[in-house]
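One-letter residues, chain by chain:
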Amino acid sequence: MTAIQESMSQASELWGKLDWNDVRIFLAVAETGSLSAATRILAMTQPTISRRMEELETRLGARLFLRSTRGVTLTQAGQTMHRLASGMARFGESIVRDVAGKDRDEAGRVTIAAPDGVAGFFLMP
């Protein structure tokens, strides 16, 4: 196996370890600064969020948060993750905004209003 193939294989393996739902949870925790605040945004239980973040840290092999009784703070790896995950979220929003519903036919009633002189001259012919 060449070095390039090995590198691509490792990248593919790491990508398989990343779950978009975990990224969403990470963003909620990082941006609110606490697991309990993230529970309100995500409508999930605190133990579930805590477990998912611990599993994400294990899969990535990097500690993302420093936990304390006052909440969480991002480690350096967590700050990098936050920057990159925020970009992922923006791209995800772009996909929904720019792609969703593109195969549907445009349909509906269109109403055009214009003054009498303009309507008779431009629209009627």
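Draft legend 1. Representation of the packing of helix H2 (residues 20-32) against helix H5 (residues 76-99) in the model. At a closest axis distance of 10 Å, the pairing of H2 and H5 adopts a crossing angle of 120 degrees. Crossing handedness for the pair H2 and H5: left-handed. Contacts between H2 and H5 involve Trp 20, Val 23, Phe 26, Leu 27, Ala 30 and Glu 31 on the former and, on the latter, Gly 78, Met 81, His 82, Ala 85, Ser 86, Met 88 and Ala 89.

Draft legend 2. Here's a closer look at the pairing of strand E2 (residues 71-74). The sheet contact formed by strand E1 (residues 65-68) and E2 spans four bridges and is antiparallel. Residue Leu 66 lies in a different strand from E2, and its bridge partner there is Thr 73. Between the end of E1 and the start of E2, which pair antiparallel, lie two residues.

Calculation criteria
- Residues numbered from 1 in each chain as written.
- Predicted model: local features only at pLDDT ≥ 70, side-chain atom pairs only at ≥ 80, totals over all residues.
- Heavy atoms only, no water.
- Axes fitted to C-alpha atoms, helices over the stretch in contact; angles between N-to-C directions.
- Helix = DSSP H or I, 4+ residues; strand = E, 2+ residues; numbered from the N terminus.
- Left-handed = near helix turned anticlockwise from the far one by under 90°.
- Contact = heavy atoms within 4.5 Å.
- Pairing = 2+ DSSP bridges.

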